[in-house]
Amino acid sequence: DAKTTQPTSMDCAEGRAANLPCNHSTISGNEYVYWYRQIHSQGPQYIIHGLKNNETNEMASLIITEDRKSSTLILPHATLRDTAVYYCIVRTSTGANSKLTFGKGITLSVRP
Amino acid sequence: SQTIHQWPATLVQPVGSPLSLECTVEGTSNPNLYWYRQAAGRGLQLLFYSVGIGQISSEVPQNLSASRPQDRQFILSSKKLLLSDSGFYLCAWSLHTSTDTQYFGPGTRLTVL
């Protein structure tokens, strides 16, 4: 699976949009971009995933560039509860042995 | 809706003692099941996965074993714990679909002393 690069940390004011970038310049045509987050001492929480098109759900939006070499996760109105480590993962969905490889992620701190 | 449970939530065990961690999934049938370990300050490491009852695949050689006695039950075991087995153990499930998104349980924090 392709590797991803994320900044170490960022902060955001409560109520503002949080834009979390991710670079995946070696992504292949059949690899999806997944985002998870992990709040301290909890299991990772699935947020969203996409292949080519931008995606939106109740939690966030995922913007993937046309060349697919980078993406941005957008939390439209960040709250204090969104403080967590966010992981950008690229993987091929080929079945049960398609493991998730979590890097160090980006630590998002939402300030009051 | 589907839910995933893990217990115990925390566990402190002496070196050399046995281990049994349990994971159960509700609200779905024939899921793929996974065991991951997260060491302090590190990423997740896939330990085992299962596509059905009695079917276990191991990703890395280690002091641990896994079993799936029932469709929605996944157990992680050890006969003799090592200090290096300490960590945060996570169970996850997915459907047999083309994108098979994995959903994680709350985890078990294991400390081996």
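Preceding this section is the structure that the text describes.
This is a predicted model, so every value here is computed, not measured. (Residues numbered from 1 in each chain as written. Chains lettered and ligands numbered in written order. Predicted model: local features only at pLDDT ≥ 70, side-chain atom pairs only at ≥ 80, totals over all residues. Heavy atoms only, no water.)

Draft legend 1. Spotlight on the side chain of B:Thr108. Residue and element names in this part refer to chain B. Among the secondary structure elements, Thr108 is positioned in strand S11 (residues 108-112). Within the structure, the side chain of Thr108 is placed 2.5 Å from the backbone oxygen of Pro8, a separation counted as a polar contact. Look past the residues within four positions of Thr108 in its chain and what remains in contact with it is Gln6, Trp7, Pro8, Ala9, Leu21, Gly87, Phe88 and Tyr89. (Helix = DSSP H or I, 4+ residues; strand = E, 2+ residues; numbered from the N terminus. Polar contact = N/O pair within 3.5 Å; in protein donor to acceptor, adjacent residues only side chain to side chain. Contact = heavy atoms within 4.5 Å.)

Draft legend 2. Spotlight on the interface of chain A and chain B. Across the contact, 21 residues belong to chain A and 22 residues belong to chain B. In total, chain A and chain B occlude about 1,600 Å² of area from one another, counting both sides; carbon and sulfur atoms represent 53% of this. Along the contact surface separating chain A from chain B lie zero salt bridges. At the junction of chain A and chain B, the tally comes to two residue pairs in polar contact (both at pLDDT 80 or more). (Buried area = accessible area lost by both parts, 1.4 Å probe. Salt bridge = Lys/Arg side-chain N within 4 Å of Asp/Glu carboxyl O.)

Draft legend 3. Seen up close, the sheet that holds strand S8 (residues 84-92) of chain A. Residues and elements named next belong to chain A. Here five strands make up an open sheet; going across it, the order is S1-S9-S8-S3-S4 and the pairing mixed. Whereas interior strands pair on both sides, the edge strands pair on one side only; in this sheet they are strand S1 (9-13) and strand S4 (45-50). The mean inter-strand angle of the sheet, taken between neighbouring strand axes irrespective of direction, is 25°. Bridge count for S1 against strand S9 (residues 106-111) is five bridges, and the pairing is parallel. (Pairing = 2+ DSSP bridges. Axes fitted to C-alpha atoms, helices over the stretch in contact; angles between N-to-C directions.)

Draft legend 4. Seen up close, the sheet that holds strand S1 (residues 3-7) of chain B. Residues and elements named next belong to chain B. Read from one edge of the open sheet, four strands run S1-S3-S8-S7, paired in antiparallel fashion. Two strands bound the open sheet, and with one partner strand each, they are S1 and strand S7 (65-70). On average, each strand axis in the sheet is inclined to that of its neighbour by 20°, with strand direction left out of account. Pairing of S1 with strand S3 (residues 19-26) involves five bridges; the strand directions are antiparallel. Bridge assignment links Gln6 to a residue of S3, and that residue is Cys23.

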